[in-house]
Amino acid sequence: MGEKVGINVGNVQLSGNCSPSCKFNWSQDLGKPPAITFLRGNYTVSYIAPLKDNTLQAGYDNMYNVSVMLPAELDVRNPLLASISQGANITRFADNTTLIQWSKIRTFEIRFYDQWREQLLYLFGNFWIIIAIALLLPFLLIMKRSE
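Counting restarts for each chain: residues are numbered from 1 in the order of the written sequence. Residues qualify for local features only when their pLDDT is at least 70, as the model is predicted, and side-chain atom pairs are given and counted only at 80 or more; totals for whole chains, interfaces and linings, by contrast, use all residues. Computation of side-chain values: all heavy atoms of the structure, hydrogens and water removed.

**Student:** Even after reading the chapter, I still don't get the packing of aromatic side chains, so can you show me in this structure?
**Tutor:** For any two aromatic rings, the description comes down to two numbers: the centre-to-centre distance and the angle of the planes. Pairs were defined over the aromatic rings of Phe, Tyr and Trp, the Trp ring being its six-membered one, requiring ring centres within 6.5 Å. Orientation was assigned from the angle between planes: stacked under 30 degrees, edge-to-face over 60, tilted for the rest. Per the stated rule, a full pass over the model turns up 7 aromatic pairs. Ring plane angle 70° and centroid distance 6.1 Å describe the contact between F124 and W128, whose orientation is recorded as edge-to-face. Residue F124 and its partner W128 are located together in helix α1 (residues 115-146), separated by 4 residues, close to a single helical turn. When its relative accessible area of 45% is taken as the criterion, W128 is described as partly exposed. Feature note: the residues Y60, Y64, W102 and F108 constitute an aromatic cluster, connected by ring pairs. Every helix listed is a DSSP run of H or I at least four residues long, and every strand listed is a run of E at least two residues long, numbered separately from the N terminus. Using a 1.4 Å probe on the protein chains alone, a residue whose accessible area is under 20% of its type maximum counts as buried, one over 50% counts as exposed, and one in between counts as partly exposed.

**Student:** Just to check I follow, could you spell out the pairing of strand β9 (residues 98-111) for this structure?
**Tutor:** Regular strands place their side chains on alternate faces of the sheet. Summarising the sheet, strand β5 (residues 55-70) and β9 pair through 11 bridges and their orientation is antiparallel. Bridged to V66 within β9 is W102. At least two bridges found by DSSP between two strands is the condition for calling them paired. Note that strand β7 (residues 83-84) and β9 share 2 bridges and pair antiparallel. Of the residues in β9, the one forming a bridge with S83 is R111. As paired strands, strand β8 (residues 89-92) and β9 are joined by 4 bridges and run antiparallel to one another. From the neighbouring strand, R92 faces β9, where its bridge partner is T98. Adjacent in sequence and paired antiparallel, β8 and β9 are bridged by 5 residues, among which N96 carries a positive phi angle near 70°.

This is the structure in C-alpha cells:
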C-alpha cells in the first residue's frame, strides 16, 4: 500500500575517497529499520540482500546513480521474461555478466531470469506451435480437396 518496507542486508560496505576504508555508523531508532550514517561526500554503498521472485526493486528518498551487476547465470535480454525500468543503460560483458546503470533516479526495478526459465519458455512456445499445426492441418487438407 505504498508503505516503506526495510530489508535485512549484510556485508555493507562504503567506498569512496577514504583511506584505507570509509567509516560509517549503524543506527536504529525505536520502530524504524536500521540505517547507516556517514560524513557528507560522494560514496558508493554496496550490500548483499535477499531476492524474491527474480525481481530486484528499490526506492530512495533522493535521486541517486544506481548500478546493478548481474552474474553470468542471470539475464535480462528476453523481453518476454525480463523487464527493466526506464532509463537504464545495459552493458553485456564477454564473461556474460551484465551491468545495468541508471543516472539520478528515485526508484528502479529489474525482473531477470535464468537459463532454465528461458528453455522452459521455448519449450512452451514449441508445444503451442505443434498444437496449432495439428489443429490447422485437417482444415488445410479439407480446403485443398475442395479445390
